[in-house]
Amino acid sequence: MSDTPKDGQGARFHALILAGGVLFGFGLGVSRMARPEVVLDFLQFQDLGLLFVMGGAAVVSAVTFVIGADLLDRPAPLTGREYGRRVREMDRNVLVGGTVFGVGWGLSGICPGAAYASFGVGNWPILWAIGGMFLGAYAQGYARSVLAERRATGEVAGAD
Amino acid sequence: MPRWLAAYFPDGVLSYAVGGLFIGLGVAVIYLGTGITAGASTFLETTLSYASRLPRFNRPTYLASRDWRLTFTLGIVLGAAVYALTIGPGGWTTEVQPWRLLAGGFLVGVGTRVGKGCTSGHGVCGVGSLSGTSITNVATFMAVAIGTAQVVLALGVTP
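Residue indices follow the written sequence of each chain, beginning from 1 at its first position. Starting at A for chains and at 1 for ligands, labels are handed out in the order in which the entities are written. Given that this is a predicted model, residues contribute local features only at a pLDDT of at least 70 and side-chain atom pairs are listed and counted only at 80 or more, while totals for whole chains, interfaces and linings are drawn from all residues. Derived side-chain values reflect all non-hydrogen atoms in the structure, with water molecules and hydrogen atoms excluded from consideration.

1. Points about the packing of aromatic side chains
Then, number 1: Put simply, two rings from Phe, Tyr or Trp (the six-membered ring, in Trp's case) pair if the centres are within 6.5 Å, and we call them stacked under 30 degrees between planes, edge-to-face over 60, tilted for the rest. If you walk through the whole model with that rule in mind, you get 15 aromatic pairs over all chains.
Then, number 2: Ring geometry for A:Tyr83 and B:Tyr31: centres 5.2 Å apart, planes at 50°, overall tilted. Taken together, the positions of A:Tyr83 in the loop between helix H3 (50–71) and helix H4 (92–108) and B:Tyr31 in helix H2 (residues 14–34) put the pair across two chains.
Then, number 3: Only protein chains enter the accessibility calculation, which uses a 1.4 Å probe; a residue whose area is less than 20% of its type maximum is buried, one above 50% is exposed, and one in between is partly exposed. Exposure remark for A:Tyr83: the relative accessible area of 10% places this residue in the buried category.
Then, number 4: Overall, the relative accessible area of 0% leaves B:Tyr31 in the buried class.
Then, number 5: Taken together, the ring pairs in this structure connect A:Phe26, B:Phe22, B:Tyr83 and B:Trp92 into an aromatic cluster.
Then, number 6: Against the face of B:Tyr62 rests B:Arg59, its NZ or CZ located 4.4 Å from the ring centre. Only DSSP runs of H or I reaching four residues or more are called helices, and only runs of E reaching two or more are called strands; each is numbered from the N terminus. Criterion for a charge above a ring: Lys NZ or Arg CZ within 6 Å of the ring centre, and within 35 degrees of the ring normal.

Structure representation (structure tokens):
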């Protein structure tokens, strides 16, 4: 991954990202995912509608990725990137992170995209959740930095 | 839909499915124009680079993507506002207690960053990519979240 493609810039690029974000946020509103209560109803088996949200969205993205990665024989117009799929390496962090995320999601009914959308509908109490997410993201970054430093100094000491 | 099944969908399925199609459409527009598979949670970590010097938040890939992630998030806020003011019921607030939002948000912030994605990154883009990593992550957080919400319900914590 040494030649990471540069992310796009310029007005046309940002206008397209904004348009995508507007559709995405509009969908979060229509799907009622911007209401923590509806997500909690799903997790407590009182309204399973969320299955159709994630399913519908994943089907559209799957079709789009097939078009981009398998059918279009050219790079993306606004960035020159090659079309690819979203793949992440599998390791223990995927399970640990998923577990911690699950406890937080089950406790609050809130996930990142839905929280931003909820702010957009004027749900001011959601700022508690957004503030909490930033604190959590900072805490894990800080902890990982400290661990990495300790590991590095430990290796130097071990080399003696 | 048989009646036993309809009991699990008190508000029908149409608004959920249509909302999901719009979420997918947002992902599709960005992907076809730029080749980027957009998730919502990396916004948190990359935005911290504006305020923190910690190397973790200032990795080259984060510095390269933080501007468009800001635009993407602004779009999500705007799109939801458009919904609320047009076909939606106007603005609303949640009854879920602040401590649940804060504590849950904190764990969500940790979990998405350690687990490399969230409900949109893994749940929509990753599952749409048939990525085994994402499917594993989604199965994990679904099971744990259901268990957590059931325990919260059993303890009588409402709303």
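2. Thoughts on the packing of helix H6 (residues 121–128) of chain B against helix H7 (residues 132–154) of chain B
Residues and elements named next belong to chain B.
Then, number 1: Axis definition: a line fit to C-alpha positions, over the contact stretch in the case of helices; interaxial angles, taken between N-to-C directions, run 0 to 180 degrees. Closest axis-to-axis distance for the H6/H7 pair is 8 Å, and the angle between their directions is 145°. Judged by the twist between their axes, the crossing of H6 over H7 is left-handed. In contact with His 122, Gly 123, Gly 126 and Val 127 of H6, H7 contributes Thr 133, Ser 134, Ile 135, Asn 137 and Val 138.
Then, number 2: Only Asp, Glu, Lys and Arg are considered charged, only Ala, Val, Leu, Ile, Met, Phe, Trp, Tyr, Cys and Pro nonpolar, and every remaining residue, Gly among them, polar. Taken together, the residues of the contact of H6 with H7 break down into three nonpolar, six polar and no charged. Rotating anticlockwise by less than a right angle from the far helix to the near helix defines a left-handed crossing, while the corresponding clockwise rotation defines a right-handed one. By the convention used here, residues are in contact when the closest approach between their heavy atoms is within 4.5 Å.

Geometric descriptors of this kind do not, in isolation, establish any biological role.
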